[in-house]
Amino acid sequence: METGLKTLVLPAGLAATATAAGVLAEGGLVAFPTETVYGLGADAGNAAAIARLYQAKGRPAFNPLIAHVADLAAARRIALFDGQALRLATAFWPGPLTLVLPKALSCPVAELATAGLDTVAIRVPAHKVARDIIKAFGGAVVAPSANLSGHVSPTTAEHVHGDLAGRIDLIVDGGAVDVGVESTIVGCFSDPVLLRPGGLPRADIEQVLGHPLLSWPADAESDSGQPLAPGMLTSHYAPRTPVRLNAGDVHVGEALLAFGPAKVARAECASAVMNLSPRGDLAEAAANLFGYLRTLDTKNADAIAVMPIPDDGLGEAINDRLRRAAVGRA
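Residues numbered from 1 in each chain as written. Predicted model: local features only at pLDDT ≥ 70, side-chain atom pairs only at ≥ 80, totals over all residues. Heavy atoms only, no water.

Engineer: Go over the overall build of the chain, please, and point to the residues and values.
Structural biologist: Helix and strand counts for the chain come out as 10 helices and 15 strands. Against the globule reference of 20 Å for 330 residues, the chain gives a C-alpha radius of gyration of 19 Å, in line with a compact fold. Based on the C-alpha atoms only, the size of the chain along its principal axes is roughly 60 × 50 × 35 Å. For the chain, the proportion of contacts with a sequence separation of at least 24, taken over those separated by at least 6, is 67%. Side chains of the chain give 26 positive and 32 negative charges; the mean places of these two sets differ by 3 Å. (Helix = DSSP H or I, 4+ residues; strand = E, 2+ residues; numbered from the N terminus. Rg over C-alpha atoms; globule rule 2.2 N^0.38 Å. Contact = heavy atoms within 4.5 Å. Lys, Arg positive; Asp, Glu negative; His and termini not counted. Charge placed at Lys NZ, Arg CZ, Asp CG, Glu CD.)

Engineer: Before we move on, can you summarise the sheet that holds strand 2 (residues 30-33) with the specific residues and values?
Structural biologist: Across the sheet, 11 strands lie side by side as 1-8-2-3-7-4-6-5-9-10-11; this open sheet has mixed pairing. The open sheet has two free edges, formed respectively by strand 1 (8-11) and strand 11 (214-215), since each of these has just one partner strand. Its contacts with the sheet place helix 1 (residues 14-25) against strand 1, strand 2, strand 3 (38-43), strand 7 (141-142) and strand 8 (170-173), and it is angled at close to 150° to strand 8. (Pairing = 2+ DSSP bridges. Axes fitted to C-alpha atoms, helices over the stretch in contact; angles between N-to-C directions.)

Engineer: Kindly report on the packing of helix 4 (residues 83-92) against helix 8 (residues 202-209), identifying the contributing residues and their values.
Structural biologist: Running from N to C, helix 4 and helix 8 point in directions that differ by 125°, and their axes come no closer than 10 Å. Here helix 4 is positioned oblique relative to helix 8, judged by the angle of their axes. Considering only the axes of helix 4 and helix 8, their crossing is right-handed. Residues Q84, R87, L88, A91 and F92 of helix 4 form the contact with helix 8, whose own contacting residues are D204, I205, V208 and L209. (Parallel < 35°, antiparallel > 145°, perpendicular 65-115°, else oblique. Left-handed = near helix turned anticlockwise from the far one by under 90°.)

Engineer: Could you give me a rundown of the nonpolar core, with the residues and numbers involved?
Structural biologist: Among the nonpolar cores identified, the biggest contains 51 residues, and F81, W93, L97, L99, I168, V186 and I205 are the most heavily contacted of them. Formed by 27 residues, the second largest nonpolar core is a distinct cluster that contains V37, L289, I309 and L314. (Core = buried A, V, L, I, M, F, W, Y, C linked by side-chain atoms within 4.5 Å. Buried < 20%, exposed > 50% of the residue type's maximum accessible area, 1.4 Å probe, protein only.)

Engineer: Quick rundown of the pattern of salt bridges? Include the residues and the values.
Structural biologist: If you walk through the whole model with that rule in mind, you get 16 salt bridges. Taking the shortest distance from any N to any O, the salt bridge between E111 and K103 comes out at 2.9 Å. Of the residues examined, K103 reaches a relative accessible area of 16% and is grouped as buried. A salt bridge links E316 to R202, with the nearest nitrogen and oxygen atoms 2.9 Å apart. Taken together, the residues E316 in helix 10 (residues 315-327) and R202 in helix 8 connect sequence positions 114 residues apart. Side by side, E316 and R202 carry an identical accessibility label, which is buried. What emerges from the salt-bridge pattern is a single network uniting E182, D320, R321 and R324. (Salt bridge = Lys/Arg side-chain N within 4 Å of Asp/Glu carboxyl O.)

Engineer: Lay out the packing of aromatic side chains in plain terms, naming residues and giving numbers.
Structural biologist: Tallying each qualifying case throughout the model produces 1 aromatic pair. Both rings, one in F81 and one in W93, keep their centres 6.0 Å apart while their planes meet at 85°; by these two values the pair is edge-to-face. Taken as a pair, F81 in the loop between helix 3 (72-76) and helix 4 and W93 in the loop between helix 4 and strand 5 (97-102) lie far apart in primary sequence, 12 residues in all. This pair shows no difference in class: F81 is buried, exactly as W93 is. (Phe/Tyr/Trp six-rings, centres within 6.5 Å; stacked < 30°, edge-to-face > 60°.)

Engineer: Please set out the sheet that holds strand 13 (residues 254-258) residue by residue, giving values where relevant.
Structural biologist: The 4 strands lie next to each other as 12-15-13-14, forming an open sheet whose pairing is parallel. Strand pairing shows two members of the sheet lacking a second neighbour, strand 12 (243-244) and strand 14 (273-275), which therefore form its edges. Pairing analysis gives 2 bridges linking strand 12 to strand 15 (residues 303-306), with the strands arranged parallel. Within strand 15, the residue paired with V243 across the bridge is I304.

Engineer: How would you sum up the environment of L53? Please name residues and give values.
Structural biologist: Tracing the backbone through its elements, the reader meets L53 in helix 2 (residues 47-57). C-alpha separation for the pair L53 and G41, spaced 12 residues apart in sequence, amounts to 8.0 Å. In this structure L53 touches L29, L40, G41, A42, L65, V142 and P144, once residues within four positions along its chain are discounted.

Engineer: An account of the side chain of N319 is needed here, citing residue identities and associated values.
Structural biologist: When you line up the elements, N319 lands in helix 10. By relative accessible area, which is 11% here, N319 ends up buried. Within the structure, N319 has its side chain in polar contact with the side chain of D311 (distance 3.1 Å). The contacts of N319, once residues within four sequence positions are left out, are I309, P310 and D311. (Polar contact = N/O pair within 3.5 Å; in protein donor to acceptor, adjacent residues only side chain to side chain.)

Quick look at the structure:
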């Protein structure tokens, strides 16, 4: 793709919001912060803009996009909600929960954004900057993570600029994000299914539903098949440097992604060390995950050794991202 485009960077505020809404209305691409990661926004009803978004990211065209809307009323113009979906939306929107729902009869989201599926992925973001831009634009905005496809997801405007400068029209800089991993995705089928762990823990969702979520079979995920939701490609989160999981030691030439106060054998061999949370806080680890992976990916290490991370709460989403990172890309 040619990268001669002038990418404007504006601090979040009234001027940036108005400029972003105008760029979206003209079919342009705008990166902005959500509470999860920075998203790359395009008009959800404009197939040409969405095609440009796929091109800018190098994103596989069979991977569906999440439509971001201002509120539940806007969501109900796009998708069909049953009782369980309404309970989840009422409890967790705005927030880091994406629902995969049947399309409404007059769903305005372009087929290209839903990858030809009869369902649509939709959420109401909690970040003020994101919501202000969506409200000013006046329609749904598809917004996958604002990075090159397969690269580590961006948690600051600087991360976005490093990947997409010259490829997109505008970056709205709202500072570092709060959550640091993408939204949890629940498929609202006859029985709700956890399609992707994320910024909202499974237990919180199950408490509202009053019963366990089904789990999507791991063998249903494939880089060659069509996923039901964003983020379900096996190697979707891979950095360039190989990733070694559950490391109990460090090999010469490896960088170390640590977690908690515990020590790991031969840590002195590490070419670089970053600790997701020295005190073992999973929320802090989630917020640091992509930024630290990006930094270690620049250290020219033979591999990134990752210490074990608990799989409860937000740890489930962190480990999901790390497993995908470890798959790598051919």
